[in-house]
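# Structure assessment
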Amino acid sequence: GKKDGKGTYRALLIGEEAFNPICTRNRGDVTLMNKMLKSVKGPKDGKWTITQKFDINNAGVKSAIKSAFNKADEDDVSLFFIATHGDADSYGEYAGALAMIPEGGFLLMSELAAALKEVPGKVIVVIESCGSGAAVFSTYGEQNAANAALRNAAKAFDQSVIDAFAAVDDGIVE
């Protein structure tokens, strides 16, 4: 869409919690993100219009993106936040796939990217899940070796942070 000069702020917050056992943390994280967004203002005192969804499936996520951001234009800011389980062990197309409810299926990063690409303006994406780093890959499939190298580098970085804190506090071991 074209710019309208208003700079509207919209947020879609999704929590998937009805796993077995139930993952109430995801609802709590959506609640905290909602509270935080309500406490801040954008330029020109812009406030966030917030949509919350819980325990929706793949089609529900895509539908929620369309409805929450349907009036977005080029000078708007749209924030997408999801808290769920994610696939931290797969490579290629399934790297970082997000666990969805109720079917128990997965939403691929490529599917999420395609849905969010349709939203005009600035889109901020916050993914709270295992394997969420896969969202930064622009290609998949043939990138398995590169993905493995990046994963190993990330693990080495994590260990260096743990080592740095453990050097000061001997109670930190992993």
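The structure reproduced in this document is the subject of the present report. Just so it is clear, the structure is predicted and the values come from calculations on it, not from any experiment.

## Brief notes about the overall build of the chain
The helix and strand tally for the chain stands at 4 helices and 6 strands. Along its sequence from the N terminus, the chain presents helices and strands in the succession β-α-β-α-β-β-β-α-β-α. Looking at the 174 residues of the chain, the share that counts as buried comes to 34%. Considering only intrachain contacts with a sequence separation of at least 6, the fraction spanning at least 24 residues in the chain is 70%. Looking at the chain as shown, the accessible area adds up to about 10,200 Å², and 56% of this sits on carbon and sulfur atoms.

## A word on the sheet that holds strand β3 (residues 77–83)
In space, the 4 strands of this open sheet follow the order β2-β1-β3-β6, with parallel pairing throughout. If you trace the sheet from one side to the other, it starts and ends with β2 (48–54) and β6 (122–128), each paired once. Strand after strand, the sheet turns through a mean of 10 degrees between neighbouring axes, direction not considered. Alignment of β3 against β6, held across 7 bridges, turns out to be parallel. If you follow S78 over to β6, its bridge partner there is V123. Docked against the sheet, helix α1 (residues 24–39) engages β1 (9–15), β2, β3 and β6, running at close to 175 degrees with respect to β2. Packing of helix α2 (residues 58–68) onto the sheet brings it into contact with β1, β2 and β3, and relative to β1 it is tilted by some 160 degrees.

## Considering unusual backbone geometry
Omega for the peptide link from N20 to P21 comes to 5 degrees, which places this bond in the cis form. By the secondary structure assignment, P21 is in the loop between β1 and α1. Not every positive phi belongs to a glycine, and D55 is a case in point at roughly 55 degrees. Secondary-structure assignment places D55 in the loop between β2 and α2.

## A few points about the pairing of β3
The buried fraction of β3 is high, at 7 of 7 residues. Burial along β3 is two-sided: V77, L79, F81 and A83 and S78, F80 and I82, pointing in opposite directions, are all buried.

Reading the values: rules and limits
- Residues numbered from 1 in each chain as written.
- Predicted model: local features only at pLDDT ≥ 70, side-chain atom pairs only at ≥ 80, totals over all residues.
- Heavy atoms only, no water.
- Helix = DSSP H or I, 4+ residues; strand = E, 2+ residues; numbered from the N terminus.
- Buried < 20%, exposed > 50% of the residue type's maximum accessible area, 1.4 Å probe, protein only.
- Contact = heavy atoms within 4.5 Å.
- Areas by Shrake-Rupley, 256 points an atom, 1.4 Å probe, with all protein chains shown as cover.
- Pairing = 2+ DSSP bridges.
- Axes fitted to C-alpha atoms, helices over the stretch in contact; angles between N-to-C directions.

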